[in-house]
Amino acid sequence: HFTFFAGNPKWPSSKYHLTYAFLPGTRSDAFSPVGRAFTRWAANTHFSFSEAQNSGNADITISFESGNHGDSSSFDGPGGTLAHAFAPRDGRFHYDADETWSVNANPNAFHLETLALHEIGHLLGLGHSSVEGAIMFPTFNLGETKGLHGDDIQGIRTLY
Ligand code: TQI
Ligand code: CA
Ligand code: ZN
Ligand code: ZN
């Protein structure tokens, strides 16, 4: 079953169109997988997303960071934490730059699109789920690919 962050933080209901931007220096092979992840969420929720050119006024920003990078949780090199995103309405989504990432399913790398689906769930207000097939289920393996599950969609519908 889905969960939310403490206090149920969410985007205002009037704000269903969110913009996202890649911070300068983001590896360009991440653009399409992240874009596909936003498209999947948009297809299954009331949200729509578009890429902003100027990260200064985007609702959501995406970047690759390494080690201590100036927020409350440092990355830890290869393994351990892979990515993180903050609860609404923060909008920051960071990938750990020290992991091996892949655009296509690859048994020896982490799948950019699958991690983006999970982290966007956090950006929209979802916590972790007890349903094994859910994108918000708190276990994720090297090489694994997943999609959205009814439990994830139900979570967003319940929160908003
Ligand atoms: N990053 C954690 C995550 O995204 C960071 C985190 C832990 C977190 N607790 C949180 C973020 C609560 C928001 C709210 O869950 S991770 C998984 C999972 C990670 C973990 O790199 O450890 C997935 C990334 F769920 F399997 F544990 C993706 Cl799917
Ligand atoms: Ca790591
Ligand atoms: Zn960070
Ligand atoms: Zn998570």
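Check the entry above for the structure.
Here's what I pulled together on the structure shown here. (Residues numbered from 1 in each chain as written. Chains lettered and ligands numbered in written order. Predicted model: local features only at pLDDT ≥ 70, side-chain atom pairs only at ≥ 80, totals over all residues. Heavy atoms only, no water.)

Concerning helix H2 (residues 112–124)
Its 13 residues give H2 an end-to-end C-alpha distance of 18 Å, which sits within 8% of 18 Å, the value for a rise of 1.5 Å per residue. In the segment just after H2, Gly125 is the residue with positive phi, at about 120 degrees. (Helix = DSSP H or I, 4+ residues; strand = E, 2+ residues; numbered from the N terminus. Expected span 1.5 Å × (residues − 1).)

Let's talk about the coordination of the zinc ion (ligand 4)
In ideal tetrahedral geometry, four donors around a metal make angles of 109.5 degrees, whereas ideal octahedral geometry with six donors gives angles of 90 or 180 degrees. His118 (NE2), His122 (NE2) and His128 (NE2) make up the full set of protein donors to the zinc ion (ligand 4), lying at 2.0 Å. The class of His118 is buried, set by a relative accessible area of 12%. The exposure class of His122 is buried, given its relative accessible area of 9%. (Donors = N, O, S within 2.8 Å, 3.2 Å for Na, K, Ca; no water. Buried < 20%, exposed > 50% of the residue type's maximum accessible area, 1.4 Å probe, protein only.)

Considerations on the packing of helix H1 (residues 31–44) against H2
Where H1 contacts H2, the axes come no closer than 8 Å and their chain directions differ by 50 degrees. When the axis of H1 is compared with that of H2, the two are oblique. Judged by the sense of rotation from one axis to the other, the crossing of H1 with H2 is right-handed. Here Pro33, Val34, Arg36, Ala37, Phe38, Arg40 and Trp41 of H1 come into contact with H2, specifically with Leu112, Glu113, Ala116, Leu117, Ile120, Gly121 and Leu124. Broken down by class, the residue content of the contact of H1 with H2 amounts to 10 nonpolar, one polar and three charged. (Axes fitted to C-alpha atoms, helices over the stretch in contact; angles between N-to-C directions. Parallel < 35°, antiparallel > 145°, perpendicular 65-115°, else oblique. Left-handed = near helix turned anticlockwise from the far one by under 90°. Contact = heavy atoms within 4.5 Å. Nonpolar A, V, L, I, M, F, W, Y, C, P; charged D, E, K, R; others polar.)

Description of the side chain of Glu119
Among the structural elements, Glu119 can be located in helix H2. Buried charge Glu119 goes without a salt bridge, the closest partner of opposite sign being Arg92 at 12 Å. Once residues lying within four places of it in the same chain are set aside, the contact partners of Glu119 are Ala83, His84, Ala85 and Phe93. (Lys, Arg positive; Asp, Glu negative; His and termini not counted. Salt bridge = Lys/Arg side-chain N within 4 Å of Asp/Glu carboxyl O.)

Quick notes on the sheet that holds strand S3 (residues 60–65)
Spatially, the five strands line up as an open sheet ordered S2-S1-S3-S5-S4, and their pairing is mixed. In this open sheet, the two edge strands, each paired with only one partner strand, are strand S2 (48–51) and strand S4 (83–85). Looking at each pair of strands side by side, their axes are set apart by 20 degrees on average, direction ignored. As judged from the four bridges shared by strand S1 (residues 17–22) and S2, these two strands associate in the parallel manner. Each residue of the ladder has a partner; that of Thr19, found in S2, is Ser50. Lying over the sheet, H2 contacts S1, S2, S3, S4 and strand S5 (92–96), oriented at roughly 150 degrees with respect to S5. (Pairing = 2+ DSSP bridges.)

Comments concerning the pairing of S5
In terms of burial, S5 is a largely internal element, four of the five residues being buried. Relative to S5, S4 runs antiparallel, the two sharing three bridges. Within the sheet, the bridge partner assigned to His84 lies in S5 and is His94. Between the antiparallel neighbours S4 and S5 lie six residues, among them Gly91 with a positive phi of about 90 degrees.

Digging into the nonpolar core
If you look at the biggest cluster of nonpolar residues, it comprises 32 residues, and the most contacted ones within it are Trp41, Phe49, Ile60, Ile62, Tyr95 and Leu124. If you list the elements that add at least two residues to this core, you get S1, H1, S3, S4, S5 and H2. No other element matches H2, which puts seven residues into this core. Those residues in contact with Leu124, other than ones at most four positions away along the chain, are Trp11, Leu18, Trp41, Phe47, Phe49, Pro88, Ile156, Leu159 and Tyr160. (Core = buried A, V, L, I, M, F, W, Y, C linked by side-chain atoms within 4.5 Å.)

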